[in-house]
Amino acid sequence: MPASSLFQGLLCALGAGVLWGLVFITPAILTDYPPALLAFGRYLAFGLVCLPLAWRDRRRLAPLSRADWLAAFELALIGNILYYLCLAAAIQRSGVPLPTLIIGTLPLVIAIVANLRERLPWLRLLPSLVLIGSGLLLARLHELPAGDSGPLGSGLILAVAALACWTWYPLRNARWLKRHPALASSTWATAQGLATLPLALLGMAGSLGWQVGGASFSQPLGPRPALYVGLMLAIGLLASWLGTLLWNRASRLLPTTLSGQLIVFETLAALLYAYLWRGEAPGLLTATGILLLISGVLAGVHACQNSGRTGDKT
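Residues numbered from 1 in each chain as written. Predicted model: local features only at pLDDT ≥ 70, side-chain atom pairs only at ≥ 80, totals over all residues. Heavy atoms only, no water.

Concerning the pattern of salt bridges
Our working definition: By convention in these notes, a salt bridge is any Lys or Arg side-chain nitrogen within 4 Å of a carboxyl oxygen on Asp or Glu. Secondary structure is summarised from DSSP: a helix means a run of H or I of at least four residues, a strand means a run of E of at least two, and numbering begins at the N terminus for each. Exposed residues in this analysis have more than 50% of their type's maximum accessible area, buried residues have under 20%, and partly exposed residues fall in between, with area computed by a 1.4 Å probe over protein chains only.
The tally for this structure, following the rule as stated, stands at four salt bridges. Of the charged contacts, one joins Asp32 and Arg224 as a salt bridge, the two residues approaching to 2.8 Å between their closest N and O atoms. You can see Asp32 sitting in the loop between α2 (22–29) and α3 (35–56) and its partner Arg224 sitting in the loop between α10 (185–213) and α11 (225–253), a full 192 residues away along the chain. The class for Arg224 is partly exposed, based on a relative accessible area of 31%. Across the pair Arg278 and Glu280 runs a salt bridge, and its minimum N-O distance is 3.4 Å. Taking the relative accessible area as the measure of exposure, Arg278 reaches 34% and is therefore partly exposed. With relative accessibility at 45%, the residue Glu280 sits in the partly exposed group.

Let's talk about the side chain of Asp57
Rule in force here: In what follows, residue pairs with any heavy atoms lying within 4.5 Å of each other are defined as contacts.
Within the fold, Asp57 resides in the loop between α3 and α4 (58–61). Accessibility expressed as a relative area gives 5% for Asp57, which makes it buried. Residues within four places of Asp57 in sequence aside, it is in contact with Ser186 and Thr187.

Some thoughts on the nonpolar core
Applied cut-off: Only buried residues count toward a nonpolar core, which is a set of Ala, Val, Leu, Ile, Met, Phe, Trp, Tyr and Cys residues joined through side-chain atoms within 4.5 Å.
In terms of nonpolar packing, the biggest core is built from 95 residues, with Tyr83, Tyr84, Leu87 and Trp188 touching the most fellow members. Trp188 has contacts with Asp68, Ala71, Ala72, Leu75, Asn173, Trp176, Leu177, Leu183 and Asn248, leaving out every residue within four places of it along the chain.

Some details on the packing of α3 against helix α5 (residues 66–94)
Selection rule: The axes are straight lines fitted to the C-alpha atoms, using for helices just the contacting stretch, and the angles between their N-to-C directions are given from 0 to 180°. The sense of a crossing depends on the near helix, which, turned anticlockwise from the far helix by less than a right angle, makes the crossing left-handed and, turned clockwise, makes it right-handed. Following the grouping adopted for this structure description, the nonpolar residues are Ala, Val, Leu, Ile, Met, Phe, Trp, Tyr, Cys and Pro, the charged ones are Asp, Glu, Lys and Arg, and the polar ones are all others, Gly among them.
For the pair α3 and α5, the least separation of the axes is 8 Å and the interaxial angle reads 145°. Considering how the two elements wind past one another, α3 and α5 form a crossing that is right-handed. Counted together, Pro35, Ala36, Leu38, Ala39, Phe40, Arg42, Tyr43 and Phe46 of α3 and Gly79, Asn80, Ile81, Tyr84, Leu85, Ala88, Ala89 and Gln92 of α5 form the full contact between these two elements. Residue composition of the contact of α3 with α5, by class: 12 nonpolar, three polar and one charged.

Quick word on the packing of α2 against α11
Applied cut-off: An angle counts as roughly parallel when it lies under 35 degrees, as roughly antiparallel when it exceeds 145, as roughly perpendicular when it falls between 65 and 115, and as oblique in every other case.
For the pair α2 and α11, interaxial distance at closest approach is 11 Å and the crossing angle is 170°. Between α2 and α11, the angle falls in the class roughly antiparallel. Contacts between α2 and α11 involve Leu22, Val23, Thr26 and Ile29 from the first element and Leu227, Leu231, Met232, Ile235, Leu238 and Ala239 from the second.

Comments concerning the confidence of the model for the protein
Going by this rule: Each residue carries a pLDDT value, the predictor's own confidence for that position, ranging from 0 to 100.
When the pLDDT values of the protein are averaged, the result is 83; 87% of them are 70 or greater. Taken element by element, the protein is modelled with least confidence in helix α6 (residues 97–103), mean pLDDT 75, and with most confidence in α4, mean pLDDT 92. This stretch, residues 307–314, has a pLDDT under 50; its non-local contacts, to residues over four places away or in other chains, come to 27 contacts.

Structure below.
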């Protein structure tokens, strides 16, 4: 793999992870909002942000076929709406640590599933997988609450559902991008935002009708409307559109087996934001786990550095 492609891919994956980590802290800030309003609010903002971007990019969107728009719709439904709905519900039911731990296994799960197709030697991948797995255990397992309560159990199920959604998403997305090398990453990110918009509108309308009808909110946008709208717009633009754009570029520049492992950047960002929000410093075990995660990324880069990927257009 050319060094320039590897470096650009790493930077894009890092940027995507830093932005995606924001979605883990938002439900912890808006604890008085139901998961549905968080999920649909985020993706409604994503779709609205993409409207002016789509007008600017209309000439590159025009050649997309019906099959392409159906693919964008699938990615939007499963990788956006369903994923974040499950994740937000899991965080509110069981706190930040458990969902972060479950979703944190994405680098392992995606790398293993992707390598069933890319067929890199498993012994080359083993050091990075072991390091990442050990780092995840040290970083999060000791923070899980003791006992087996109802909220913890339901939070676990929801987190596993989110894991399944986002295992499918990058693999499907990477295959589509490989078949369409001429389309810019920003254009495909905008197309996914447009496909998300009608789903988010329907979901938001239903959620608001449920909340207002149940008199659980004093107003449609809840008890803290300015904060809610501001956070939704922020993560809609940064985590959804810009994060998707950066991930699309990383998916083109890197083998899926490597890019899957680099989702660990999202876990590291989520840990950082959680500790900043709580005003705490990580303990020795967590710090050791973080070092192992970083070491696992470096080992994964070393194992996959000879893999090729076509370039990308901005």
